[in-house]
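So you can see what is in the structure, the chains are spelled out below.
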Amino acid sequence: MSFSFTARLPLSRHAVDRDHETRSRPGLFDELWADAGTRVLVLWRGSVLLAPAAGSADAPRILLLEPQTVPEPTVRVYLGRSLAEDAAEPVGTRLVAAVLGDEAAHALEPRPEAWASLRTLATELSDRDAGLFTEALGLANWHVSHPHCPRCGAATTVESAGWSRLCPVDGGQVFPRTDPAVIVLITDADDRILLGSNALWENNRYSLLAGFVEPGESLEAAVIREMFEESGLRVTDPVYLGSQPWPFPASIMFGFTARLADGQSPGGLLPDGEEILDLRWFSRDELRASGASIILPGRSSIARAIIEAWLGEPIDFGPDQVHGWR
């Protein structure tokens with residue numbers, strides 16, 4: 001099978017130097033807040049504000065604020081320095097994420113519709129803004145879900161400019177975590193692909209099969225195990241394509257292809273009945289002909305990119321989908 005994974009992965013783009021050496025500098029946020037050149041990305045419930053568009057054809061751009069205009073945040077994270085030459089801010093601009101509570105966000109911008117999510121914006125943002133939003137959201141989600149020490153339960157304090165948390169009891173550091181998951185395009189001898197419908201989705205929504213990597217397991221072993229658990233099919237020859245962060249809340253998706261194992265009938269489908277309710281094989285013509293009868297993965301997902309690479313063209317049929325995790 002000839003497979004060229006050339007589609008761009010929207011959330012894998014970046015144009016920011018994360019500048020890790022600066023994170024440990026004492027009084028860094030005091031320094032940043034005193035610098036008129038610092039710019040702040042504000043986050044509220046996973047959404048950001050967009051800069052006013054100069055014209056209707058302009059691509060959306062994240063609104064970056066001067067520090068003095070930002071209400072008191074719950075958490076601040078130093079994101080690094082901008083590397084984008086075409087951005088409104090000069091190369092080298094230091095960037096900070098400020099996570100706002102409800103009251104502070106309402107004081108800054110009371111209109112809920114003014115705040116936009118990463119799923120909705122991912123494919124329209126520049127490389128710099130897409131990477132910046134993805135980085136900020138992943139760290140913000142980690143701070144929300146890990147406020148206490150996993151060993152003793154004590155409330156931790158934010159350290160290293162938002163990149164770690166410190167336990168006051170034993171002095172242990174807690175670092176951000178990312179959960180690896182594999183997502184797989186399975187093909188049979190006729191080069192059809194297998195798509196499944198998840199129990200949490202609309203019954204006509206289909207995507208590639210995916211699952212989390214377990215402790216002590218390689219990515220390739222996870223491909224074989226997860227595909228069998230979700231479909232009842234044995235697959236072989238896992239081939240890595242690429243990866244994309246998925247901060248909803250804290251995953252990174254590793255894209256693979258795999259083929260049906262020799263001697264395994266494509267008709268032996270056994271959806272697990274709990275996570276996967278339905279499984280269907282699609283040829284390229286069948287997928288194109290499905291039109292609006294099925295919902296395919298959203299444009300921000302790695303699943304969409306993998307399917308389009310197999311299809312050999314962008315998917316411009318059927319309703320678009322921006323929700324879900326893959």
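Preceding this paragraph is the structure being described.
Keep in mind it's a predicted model, so treat the numbers as computed, not measured. (Residues numbered from 1 in each chain as written. Predicted model: local features only at pLDDT ≥ 70, side-chain atom pairs only at ≥ 80, totals over all residues. Heavy atoms only, no water.)

Peer 1: For the overall build of the chain, give the residues involved together with the corresponding values.
Peer 2: When helices and strands are tallied, the chain shows seven helices and 16 strands. Over its C-alpha atoms the chain spans a radius of gyration of 22 Å, differing by no more than 12% from the 20 Å that the globule rule assigns to 326 residues. With respect to the three principal axes, the spread of C-alpha positions in the chain is 65 × 55 × 35 Å. When burial is assessed residue by residue, the chain has 49% of its 326 residues classed as buried. Partitioning the intrachain contacts of the chain with sequence separation of at least 6 by distance along the chain shows that 67% fall at a separation of at least 24. Split by element, the accessible area of the chain, about 15,200 Å² in all, is 52% carbon and sulfur. Of the side-chain charges in the chain, 28 are positive and 45 negative, and the distance between the mean point of each set is 2 Å. (Helix = DSSP H or I, 4+ residues; strand = E, 2+ residues; numbered from the N terminus. Rg over C-alpha atoms; globule rule 2.2 N^0.38 Å. Buried < 20%, exposed > 50% of the residue type's maximum accessible area, 1.4 Å probe, protein only. Contact = heavy atoms within 4.5 Å. Areas by Shrake-Rupley, 256 points an atom, 1.4 Å probe, with all protein chains shown as cover. Lys, Arg positive; Asp, Glu negative; His and termini not counted. Charge placed at Lys NZ, Arg CZ, Asp CG, Glu CD.)

Peer 1: Talk me through the pattern of salt bridges; I want residue IDs and the actual numbers.
Peer 2: For the structure shown, the criterion picks out 24 salt bridges. In this structure, Arg288 and Glu313 form a salt bridge, with 3.2 Å as the shortest nitrogen-oxygen distance. Here Arg288, found in helix 6 (residues 284-290), pairs with Glu313, found in the segment after helix 7 (302-311); they are 25 residues apart in sequence, far enough to count as distant. For Arg288, a relative accessible area of 30% corresponds to the partly exposed category. (Salt bridge = Lys/Arg side-chain N within 4 Å of Asp/Glu carboxyl O.)

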